[in-house]
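# Geometric and topological summary
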Amino acid sequence: MSEWDELVNYFRGRSMWMLHYCTGCGAIELPPTMTSRWDMERFGIIPMATPRQADILLITGYLSIKTLKRVVYTYEQMSAPKWVLGFGSCTINGGIYWDSYGVIQNLDKYIPVDLYIAGCMPRPEAILDAFGKLKKMVQKGEAKGYEKYIKNYDWYKANQDRVFRRTEPVLRKAEEVTKSA
Amino acid sequence: MTIDAKRNGLVPISALKYLFKKPHTVRYPKEDLEVFPIEGNSPTYRGFHTNDLEKCIGCGNCAAVCPASAITMVKDENVEPKRKFAKKYRPIIDYGRCCFCAQCVDICPTGSLQMSREYIHTFHPDLSIAVEEEPETVAKNFVWRPDLTHSDNPGYVRLEGDLLNKTIDFDRTDPRVEPANERKLSFAKFVHTYSREEAEREASRCLGCGACVEACPNQLHIPEYISAIAKGDPKESLDWVYKRNPLPLICGEVCTHQCEEACVVGIQGEPLAIRWLKAYSASNVDDYREALNIRPAKSNGKKLAAVGAGPASLSFGYYAKRLGYDVTIYEAEKKPGGAMMWGIPKYRLPKEELMKDINAILNLGIELRTNVRIGKDILFGELLKDYDAVFVGTGNSKPLTLRIEGENLPGVMQGLTFMRLVNEEKAPDLEGKQMVVIGGGNVAMDVARSSVRLGADVTIVYRRRIVDMPADPEEIREAQEEGIRVVEAGVPLKIYGEKSVEEFEYAVASLVPDPKGGRPRPVVDDNSPRKKIKADYVIAAIGQHPNLDFLPEDIQKKIGFDGKRVPVDDYGRTNIKGLFFGGDLSNRRQDIISAIGAGQRAAKGVDLYLASQK
Amino acid sequence: MLDFVEKLNSMGLDAKPLGKWEFEVTVPKERVAEILSYLKSAGFRAFMGLACVDWIDDGEFELVYNLQSYGEAIQALVKTRISRVKPIMDSMMQLWELCQVYEREIHEFFGVKFVGNPNLEPFFLENWLDTPPLRKDFDTLAYSQELFEFKEDETHGIETPERIE
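Rules behind the numbers
- Residues numbered from 1 in each chain as written.
- Chains lettered and ligands numbered in written order.
- Predicted model: local features only at pLDDT ≥ 70, side-chain atom pairs only at ≥ 80, totals over all residues.
- Heavy atoms only, no water.
- Helix = DSSP H or I, 4+ residues; strand = E, 2+ residues; numbered from the N terminus.
- Rg over C-alpha atoms; globule rule 2.2 N^0.38 Å.
- Contact = heavy atoms within 4.5 Å.
- Areas by Shrake-Rupley, 256 points an atom, 1.4 Å probe, with all protein chains shown as cover.
- Lys, Arg positive; Asp, Glu negative; His and termini not counted.
- Charge placed at Lys NZ, Arg CZ, Asp CG, Glu CD.
- Buried area = accessible area lost by both parts, 1.4 Å probe.
- Salt bridge = Lys/Arg side-chain N within 4 Å of Asp/Glu carboxyl O.
- Polar contact = N/O pair within 3.5 Å; in protein donor to acceptor, adjacent residues only side chain to side chain.
- Nonpolar A, V, L, I, M, F, W, Y, C, P; charged D, E, K, R; others polar.
- Pairing = 2+ DSSP bridges.
- Axes fitted to C-alpha atoms, helices over the stretch in contact; angles between N-to-C directions.
- Core = buried A, V, L, I, M, F, W, Y, C linked by side-chain atoms within 4.5 Å.
- Buried < 20%, exposed > 50% of the residue type's maximum accessible area, 1.4 Å probe, protein only.
- Domains from an automatic or database assignment.

Next up on the list: the overall build of chain C. A count of helical and extended segments in chain C gives 4 helices and 7 strands. When the helices and strands of chain C are read in sequence order from the N terminus, they spell out α-β-β-α-β-β-β-β-α-β-α. Compactness check: chain C gives a C-alpha radius of gyration of 20 Å against a globular reference of 15 Å for 165 residues, more than 25% above the reference. If you take every contact in chain C between residues at least 6 apart in sequence, the share linking residues at least 24 apart comes to 46%. A total accessible area of about 8500 Å² is found for chain C, and carbon and sulfur atoms account for 53% of it. In chain C, 17 side chains carry a positive charge and 31 a negative one; their mean positions are 8 Å apart.

Further remarks concern the interface of chain A and chain C. Facing 29 residues of chain A, the contacting portion of chain C comprises 30 residues. Both sides together, the interface formed by chain A and chain C hides about 2600 Å², and carbon and sulfur atoms give 55% of it. The largest share of the area that chain A buries against chain C comes from Y101, R162 and R166 of chain A, three residues that together contribute 28% of it. Our count for the contact surface shared by chain A and chain C stands at 4 salt bridges. Among the ionic pairs, K69 of chain A bridges to E126 of chain C, the shortest N-O distance being 2.6 Å. For the pair chain A and chain C, the interface holds 13 residue pairs in polar contact (both at pLDDT 80 or more). Of all the secondary structure elements, the ones that give two or more residues to the side of chain A that touches chain C are α3 (65-77), α7 (153-164) and α8 (174-180) of chain A. Its residues assigned to classes, the side of chain A that touches chain C shows 14 nonpolar, 5 polar and 10 charged.

Now for the sheet that holds strand β23 (residues 579-581) of chain B. Residues and elements named next belong to chain B. Sheet architecture is open: 5 strands sit in the order β9-β8-β7-β10-β23, paired in parallel fashion. Two strands lie at the open edges of the sheet, namely β9 (367-369) and β23, each paired on one side alone. Direction aside, the axes of adjacent strands within the sheet are offset by 20° on average.

Looking now at the nonpolar core. Among the nonpolar cores identified, the biggest contains 127 residues, and F131 and L134 of chain A together with F23 and Y65 of chain C are the most heavily contacted of them. The biggest single contributor to this core is helix α5 (residues 124-140) of chain A, with 8 residues. The contacts of F131 of chain A, once residues within four sequence positions are left out, are M16, M18, M40, I45, I56, L58 and L85 of chain A. The next biggest cluster of nonpolar side chains, apart from the first, holds 82 residues, and it includes C255, L277, Y325 and F580 of chain B.

Assigned domains within chain B: domain 1 (2-27), domain 2 (28-167), domain 3 (180-291), domain 4 (295-398 + 545-613) and domain 5 (401-513 + 520-542). Distance between the C-alpha centres of domain 2 of chain B and domain 4 of chain B: 51 Å.

With that settled, consider the interface of chain B and chain A. At the junction of the two partners, chain B supplies 39 residues and chain A supplies 41 residues. Summed over both partners, the interface of chain B with chain A buries about 3500 Å², with 58% contributed by carbon and sulfur atoms. Remark: the boundary between chain B and chain A carries 1 salt bridge. Ionic pairing is found between E134 of chain B and K148 of chain A, a salt bridge with its closest N-O pair at 2.4 Å.

Taking strand neighbours across the sheet as the criterion, the 6 strands line up as β2(A)-β1(A)-β3(A)-β4(A)-β5(A)-β5(B) in an open arrangement whose pairing is mixed. Single-partner strands in this sheet number two, and they are β2 (46-48) of chain A together with β5 (122-123) of chain B. Two elements, strand β5 (residues 115-117) of chain A and β5 of chain B, share 2 bridges in a ladder whose sense is antiparallel. Residue pairing in the sheet places Y116 of chain A in a bridge with F123 of chain B of β5 of chain B.

Here it is as C-alpha cells:
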C-alpha cells in the first residue's frame with residue numbers, strides 16, 4: 001500500500017457516510033445511535049439519502065426476498081469503496097425467521113458483508129463498537145468486501161438468481177395443489 | 001422559560017452555562033459506561049448466556065423450548081455434573097439464531113442457564129476466506145458453548161427463591177390422603193386416586209424432557225403417557241404404559257418411583273407425581289384388553305415355562321405371549337402374585353387391584369398352574385426337557401435371620417412370614433401388645449404399619465440413621481405420623497424371655513462416616529450404651545436372599561449362583577442354553593419395575609435364542 | 001348491541017356476543033353480501049379488515065369480515081365458511097372499495113378466488129410458484145431448507161432413550 005493510499009484510507013475511515021435505508025426491526029436502534037444520546041457524528045458517520053453518495057450500507061435485521069432484491073440494486077449502485085454491516089442474528093444464520101418462506105438465511109450468500117454484529121438487536125454501544133472496528137479496518141485497508149463481490153460476481157449472481165428467478169416450484173408436490181386452488 | 005423573559009443582548013452568553021454541565025451524549029467508547037449508570041443496559045439485560053456446567057443436568061429442555069432452534073445439545077465426557085441423574089449433554093447456542101427471548105432461562109429446571117449483560121461480539125470475514133465457505137465460517141463464529149465466562153456480570157437470571165411467575169409449575173398436586181389417626185384403624189387404601197382435574201393439573205406440569213426415562217429400570221414411555229393424561233385421554237396413556245409395563249395399576253400404587261427422584265421439576269420444586277398419574281390412567285380403564293385391543297400373536301407352537309407367578313414371570317409371560325409363544329406359569333402357592341400377593345399389605349395395594357392387573361395378563365391365554373412346587377411335584381430337569389425354554393423368576397424367599405441369642409423364642413418372626421400371616425388374615429392378636437421391628441427397608445415399614453393397624457404399639461430399631469433407611473422417605477414419614485417410634489443406631493443384642501419374648505436388648509452404636517461418602521457404618525464396642533425395651537413380639541425384617549433349593553446342585557453351580565444373585569446378561573441368559581433368570585434373583589435393584597423389565601428382556605432373549613436354534 | 005344479536009338470530013343466523021363491545025355472526029356463503037349490506041345500513045359503516053383461517057381438518061376456509069360501528073362503538077365479526085378444494089367467493093367491492101386490497105392479499109396467501117375483483121395480481125411475494133404459503137398444508141421449513149440450502153437437525157442433539165424392545 002502506497003503512502004498515498006494510506007493517507008486516503010485514513011480520511012475514508014474518518015468520514016463514512018451511511019445509506020439511510022433500513023430493512024428490518026434493527027432500524028429502531030439507529031435513532032438513539034444517530035441522535036444526541038450516542039451521537040455517531042462524532043466519528044464522522046452521517047446518514048445519506050442516496051446510494052451513490054454513501055459508503056456504508058447497514059442491513060438492519062431480516063431481509064425478505066423482496067427487500068433483498070432492492071438491497072442488491074442499491075448495493076450495486078453504490079460506488080466503491082463501499083462496506084456492508086450485518087446487524088443481528090437474522091443476517092448471520094436466519095435468526096428467529098430461520099424457517100420462514102419469505103426471509104433469507106445467510107446474507108453473505110447474496111452480497112459480501114464486512115462486519116457482523118451479534119445481538120437481536122445490537123444495542124447502540126455494540127453498533128458504535130462495530131463502527132469503531134470498521135473504521136480501523138478501513139484505515140488499514142482490510143475491509144475489501146466490494147473487491148470480493150467483483151471477483152466472485154458469478155457466484156453471488158447465481159445465488160441471487162436462485163431466489164429471484166425461479167421457474168418452477170421449490171417443493172415438487174406444490175404444483176398440483178396450486179392448480180386445484 | 002427564564003431566558004425568554006430577559007430579552008436583552010446578553011442572552012447568548014447565558015448559553016455558556018452549559019459549558020460546565022455534564023454532556024448529554026454518552027461518549028462511548030471513549031468513556032466507560034459506568035459513568036452513565038442509566039445509559040448502561042438494564043440490571044436484568046438479556047445478553048449472552050452463561051451456564052454452570054456442573055449444575056447443568058443436560059436435560060435438553062432449553063433446546064426443546066427454543067423458538068429459533070438455536071440450541072443444540074452436545075455431549076462432552078469431560079463435564080462432571082453434581083447431580084446423580086445428570087446427563088453429559090450441554091447446550092451450545094447459535095447466536096445467528098438466538099433472539100434473546102430468555103425462554104431457555106425460564107425453562108431451565110436447575111437455574112444453571114442464565115444470561116449476562118455482555119452483548120458485544122463482532123466478526124469480520126476477511127479476504128482469505130473463500131466465498132463458498134464464507135456463510136459457514138461466519139455462522140460458526142457465532143456458535144459457542146456458554147460457560148461461566150460472563151457470570152461476573154449477571155443479567156437475566158432465575159435464582160432459586162425467585163421462581164418468576166412459574167414458567168414451570170413447581171407445586172405438586174397431592175392426592176387426597178386420609179389423616180393418620182383414621183387410616184391406622186383399618187387396612188383400607190388411604191391414598192385416593194386422582195380425580196380427572198387433579199390428574200390433568202398434575203400432568204400439565206410435565207416438561208417432557210424424559211430425564212425420568214433413564215432413571216426408570218424399564219425405561220417406560222413416561223413423557224408420552226403423562227402428556228396423554230394432560231390431553232384428557234387415560235386410555236392412550238395406558239396404551240403407552242402397557243408397551244413396557246403390563247402391571248400398570250400395581251406399579252401405580254407401590255412402585256419405588258426412581259423416576260420422581262430424577263424428575264427435573266423436583267430440582268427447584270416438587271417432582272411430578274409420576275406414580276399416581278400411572279395409577280390414575282390404569283384405574284380409569286376397566287378392561288385393559290378391550291380398551292387397548294391387546295391380541296396375542298398367532299401361536300408359533302413353541303412352549304415356554306415360567307417358574308413363580310411374581311411380576312417377573314407375569315411380565316415374561318405377557319411379552320412372550322405377544323410374540324406368539326405358549327406360556328405356562330408354575331406357582332407353588334394357591335394364588336398368583338408372589339411377593340405382591342403375600343408381602344405387600346392391603347392398605348398399599350388392595351387385592352382387587354392386584355388381581356385386575358394379573359387377570360388382564362392371564363386372560364390373554366397364559367396357563368397358570370398353582371399349587372405346583374417345582375423340585376417336589378415336578379422336577380426341574382423335566383421342565384427343561386419338556387419346554388423349549390424355561391424362565392425362573394422366583395425372587396427372594398429366604399429371609400435373613402438375626403443371629404442373636406433368643407431368636408428361636410416364640411414371638412420372634414421374620415418380616416415376610418409375618419406379612420404373609422397378615423395378608424391371609426391369620427395374624428396373632430396384637431391389640432395392646434408391644435412390638436419391636438428390626439430393619440429399615442420397605443418390608444420393615446409394611447410390618448410396622450400393619451401391626452399398628454392390628455392395634456400394636458410399635459418401635460422400629462434400625463442400625464443407622466433415619467435418613468440412611470432404604471425405605472421410601474414417604475413411607476417413613478407416614479409411619480411416624482401413625483405413631484411408630486423409630487430408634488436410630490440400634491444394634492440388636494439379645495432377646496430375653498422364658499416361654500416367649502419378654503424383653504429386647506440393643507446397643508446404641510456410634511456411627512462412623514464412610515470415607516467414600518456412602519452410608520455411615522455402625523460400630524458397637526464395650527463402651528456403647530445398652531438399652532432394654534419391653535416386647536411381646538420381635539419381627540426381623542432385615543432382608544432376604546433367593547432360595548434356589550429346587551434347582552439341582554450341578555445347575556446351581558453351572559449358572560454361578562453365589563447364594564445372593566444369579567449372574568445374567570441383558571436378556572436374562574445364563575450359561576445354560578434355554579434357561580433364563582429374572583426378577584430379584586438377578587437384579588441389582590430389587591423392586592417390581594426392575595422385575596418387570598427383567599421379564600420383558602428375557603422374553604426378547606428367549607425369542608432371540610429360539611430363532612438362533614432353527 | 002344485544003339488539004343486533006337478536007335481530008340477526010331472528011334472520012335465521014347464528015349470532016352471539018363476544019363480550020361487551022363485540023359480537024360474531026356465522027353466515028352461509030350466499031348470504032354474506034346481504035348481511036354485510038344490512039349491517040352497513042345499520043351503522044357498521046367502517047370496514048376494518050378481512051381475514052382468512054385455514055380449517056384444514058374440516059376442509060374449509062373461514063373468511064372473517066371485521067366491521068365497526070363508530071356510532072355505537074361496537075365491532076362485528078361476520079364469519080363464513082367456504083370449501084377448501086374450490087375456494088371461490090364473491091368480492092365485496094361494491095360495498096367497500098377497500099376490500100380490493102384485502103381480497104388481493106388473501107388470494108395471494110390462501111389462493112381464494114374473489115369473483116368481481118379486477119386485480120388479483122401477486123402483492124407481497126416475489127415470484128411465487130408454490131402452494132399459497134399461509135395454507136396449513138404448506139411446509140415452510142421444508143421450503144426454506146430447499147430454497148436456502150440448509151439442513152436442520154430437529155432432534156437438537158437430544159437422544160432418545162435406549163430401550164431393549
